[in-house]
Structure formats: structure tokens, C-alpha cells
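One-letter residues, chain by chain:
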Amino acid sequence: MSGFLAIIRQTVRLELRAGGGAAVALIFFLAVVTAVPFGVGPDLKLLARIGPAILWVAALLAALLGLDRLFGADREDGSLDLIIVSGEPLALYALGRAVGHWLATGLPIVVAAPVLGLLLNLDPPAMGAVALTLLAGSPALTLIGTVGAALTAGLPRGGLLIAILVLPLTVPVLIFGVSATTGALSDPEPFLAPFLFLCACSLAALALAPFVAAAALRLALE
Amino acid sequence: MTVTEAFPALKLKAQDLACSRGGRFVFSGLSFELASGALMAVTGPNGAGKSSLLRLLAGLLRPTAGDIACEGGREDEPVAHYLGHLDALKPAMTLAETLRFWGAIYQQGRVLTDSDLNEAAESVGLGHAIDLPVGVLSAGQRRRAALARLILSPRPLWLLDEPFAALDSQGESLLRRLMGDHIGRQGLIVAATHQALPIPPDTTLTLNTT
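Novice: When you look at the pairing of strand β1 (residues 11-21) of chain B in this model, what are you seeing that I'm missing?
Specialist: Each regular strand carries side chains that alternate between the two faces of the sheet. Residue and element names in this part refer to chain B. As judged from the eight bridges shared by β1 and strand β2 (residues 24-35), these two strands associate in the antiparallel manner. Its bridge partner being in β2, K13 is matched across the sheet by E33. The turn joining β1 and β2, which pair antiparallel and follow one another in sequence, is formed by two residues; a positive phi near 60 degrees is taken by G22.

Novice: Would you explain empty space enclosed by the protein in this entry?
Specialist: A water-sized probe, rolled over the atoms, reveals where empty space remains. Residues and elements named next belong to chain A. In the structure shown here, the tally under the stated rule is one cavity of 30 Å³ or more. The volume enclosed by the largest cavity comes to roughly 60 Å³. Together, A59, A62, A63, T105, G106, I109, S138, L141 and T142 line the largest cavity. Counting only elements with at least two residues in the lining of the largest cavity, the list comes to α3 (44-64), α6 (90-117) and α7 (124-151). Residues of the lining of the largest cavity, tallied by class, amount to five nonpolar, four polar and no charged.

Novice: Could you clarify how one ought to interpret the environment of L167 of chain B in this entry?
Specialist: Residues and elements named next belong to chain B. The topology assignment puts L167 in the loop between β6 (157-161) and α5 (169-184). As for L167 and A58, which are separated by 109 residues in sequence, their C-alpha atoms are 23 Å apart. Non-local contacts of L167, meaning those with residues more than four positions away in its chain, are made with G140, R143, R144, L147, E172 and L175.

Novice: Where do I start with the pattern of salt bridges in this structure?
Specialist: Close approach of charged atoms allows side chains with opposite charge to pair. Residues and elements named next belong to chain A. The full count for this structure, using the stated rule, is 12 salt bridges over all chains. Between D74 and R97 there is a salt bridge; the shortest N-O distance is 2.8 Å. Pair noted here: D74 is in helix α4 (residues 68-77) and R97 is in helix α6, with a separation of 23 residues, a long-range link. As far as the burial class goes, D74 and R97 line up, both buried.

Novice: For this particular structure, what's the right way to read the nonpolar core?
Specialist: The nonpolar side chains of a soluble globular protein tend to be buried with one another. F29 and F71 of chain A together with F27, F32, L53, L159 and V190 of chain B are the most contacted members of the largest nonpolar core, which totals 104 residues. Per-element tally for this core: the top contributor is α7 of chain A, with 12 residues. The contact partners of V190 of chain B, leaving out residues within four places of it in the chain, are L12, L34, M40, V42, L54, L57, L157, W158, L159 and L160 of chain B. Ranked by size, the runner-up nonpolar core spans 37 residues in total, among them A121, I151, L167 and I183 of chain B.

Parameters at a glance
Residues numbered from 1 in each chain as written. Chains lettered and ligands numbered in written order. Predicted model: local features only at pLDDT ≥ 70, side-chain atom pairs only at ≥ 80, totals over all residues. Heavy atoms only, no water. Pairing = 2+ DSSP bridges. Helix = DSSP H or I, 4+ residues; strand = E, 2+ residues; numbered from the N terminus. 1 Å grid on protein atoms, 1.4 Å probe; cavity = no way out; pocket = protein on both sides within 12 Å on 5 of 7 lines; lining within 4 Å. Points joined across faces, edges and corners; volume = space filled by probe spheres on them. Nonpolar A, V, L, I, M, F, W, Y, C, P; charged D, E, K, R; others polar. Contact = heavy atoms within 4.5 Å. Salt bridge = Lys/Arg side-chain N within 4 Å of Asp/Glu carboxyl O. Buried < 20%, exposed > 50% of the residue type's maximum accessible area, 1.4 Å probe, protein only. Core = buried A, V, L, I, M, F, W, Y, C linked by side-chain atoms within 4.5 Å.

Structural measurements only, silent on function.
Shown next as C-alpha cells:
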């Protein structure tokens, strides 16, 4: 357990320090969200309607950034070898990296989303709804991304490959996330059903992704 | 720290070991036995499979044929330390953070104090650099930092791949002393090297390119 906590702590530190991905992901999220109103034009009603979807898509894209270094760096500098020799379960290591990555990049995006909602003319309930659904859904994005990161750990420039591998798998999360947000705001749409599906996505990813990632890392080692 | 009691008796056995990399046999039919307190040198030309053998013993590669057994150790307790070509250091972390991290990974449960970390850094001559980011250390210092891990978490079996690479003469005598101490504590060492080891090995395994 102390090993698991140490991995989380190290991941957060590495992401927050120079050369880490935390700031990059947050700035990318900010850039995408600010670019959209310029593209859509001055129709405030339209912006408010598509706002939650924009925040969700931007969060999805930002979650994919930095994943290529999550295991790639450990494989290149020999850390992965030592982790395996140490006897620390590889699934626990993968989960620790995923949790650390989410704390450093996912959580700041959840916190920033309502603030950026101002740019998209969202009213306060909509901001709350987006933050809530992102909080429930972004762990799934990170965890699914972890599998992609593990699969491409041995490849140079695996970043784009991760996006191609992971994006189709994250589509259900996006659909349930946006429909739960819409459901929370307009009456005829259901909220609870898509929200529970969203939570289920995160929980299923939490249960499965570390083991799949560990198996992929073992393959990358050979 | 400074756990100086002897390790429990351990026997490392390899039976008819074969390893293939990229569809080509690197070596095959390799058997040896190593008991506690012994140092084995693995020599041979480049590409003979010295590193592959160490990675097999470390469990990082699976043998194509044959098996490796470690008798005497507890089933659930990993016994090996692996020192490869790579130092496994993160440039942005300080030496103290690095040692604390690996200490937590390697000895599950036991909490390390600051003096443990200081002592380990001191013993490899890096006491002054404990608060520096690892990125600013020289190649030899990075090597020493990697050695500090071996001291921080005692384990009976050391698998050393070219341990003397990048070390200066002081570093060499330091490593010689560490290896001597380890053997003295009934530890086992398997060292791959293409230069003569400063401590006369008990056995030498010579690999040839096939």
C-alpha cells in the first residue's frame, strides 16, 4: 500500500513540475473552449445550448494529452524494470499512475469547467451540472486512456496512436456525460439514467483498466 | 538502517536455460547453481546475451526453455535487486524524493526516516546532493544514486549489469566495498561485465555468440 501511495505522489509531483503535463492539459482545455465562441459567432442562445457539449469534448481531448509519457517515460528510463523487479503488482502501479494523472490533470479540468462556462454563456445550474458530470465521468476518460498509454508505451511518438485507440472507447462516456448534463437542465430529458450509466462507465473502467494496462505493459517489455 | 545481519541461505538455480531475442537464440542449454555468499561473473563478447541472462534472472524476460528457481527464500518475498544500464531516475525529482519513492516501492510496509535516506546517500558519497534535483547530477553521480537503492532496501540477490560503467576510481572502490560487504552478509551477486571484476569471482560464466 505504501508503494501505491508513493506512486500516486510521485506522479502528481512529476506532472506539476517543469516538463510535466498538468499545466499543458489545463491550458489546452482553456484554448479549445475559448476558441469555440469565435467560431460559432455571437449567438448567445446557441452557445448556451451547445456549451456543455463543448466543455465535455474539450475535456475529453485534454484528457488524452500527456498520456504518452505516463508509461513511456518509465519504460525509457528503466523505472518500469525496477518496478517489476521490486514485486509491486503491475496493476497497482498502473492504477497509481492513473490516479496521479487524474489528480494532476483531470481534477483541475473539473474545477475549471464551470469557470470557463462563463465564456459559453452558461447559467449557474448548467455550470454545476457540467462540473458534476465531469467529476463522475473524467475518471473513466483517464482510466481508458491509461490502457492506450500502456499499449503504446514501447513506441516512439505513441501520442497520436493513443488518441486513435482511445477516442472510440471514450464515445459512450461522452454521450452519457452530455446527455446527463442536458437532462439536468431541461425537464423532459432524463437525468438519472444517463448519470448512473456515466458512473458505471467510471467504475467499470476502474475495475478493468488497471489489469488490462498491466497486461499491455508486460507485452511491451518483451 | 545499517541492517548488517546475514541474509537467510538462498540458492539460485538455472536449469537448461535458453533465451531467444527477435527469433534468434542468444544462448541455450545454460545451467548453473549459485549459493549464498557467492559472486558470479558473466563474461562474453557484445551480443553474447549477458544482459539478457540478467533480465531473465530478474524476471523481466521469460526464458524460451528451461527454468530458474530460487530456493530458500520466502515464496511471497521478492529477493532480487536489478541494476541495469538505465538508472531509472526522474530528472525533476530530488535525490531525497527519489530514494524515498524507491524505498516505499521496495520495502513494502517499512517506513523510511530521513536519516535512513541520508545514510544511504552518504554511503554512496552523495550526502551533499540529497536536496538537488537528479537532473543536475553527472553520469557517475547518477550511477551512484542508482547504487544507493541497493543499500536502502536490503535484498539478498544483486543482479548487476556492467556495474562499473561511468564510475570514477573512487566510485569503483566504493562499489568494490559494497559488493564485498554484500558477499560478506551471505548475499549473492551476479555481475555481467567485460572487464575483470575487482573482487575475484567464485565462478565465471562465459557466454559465446552462437
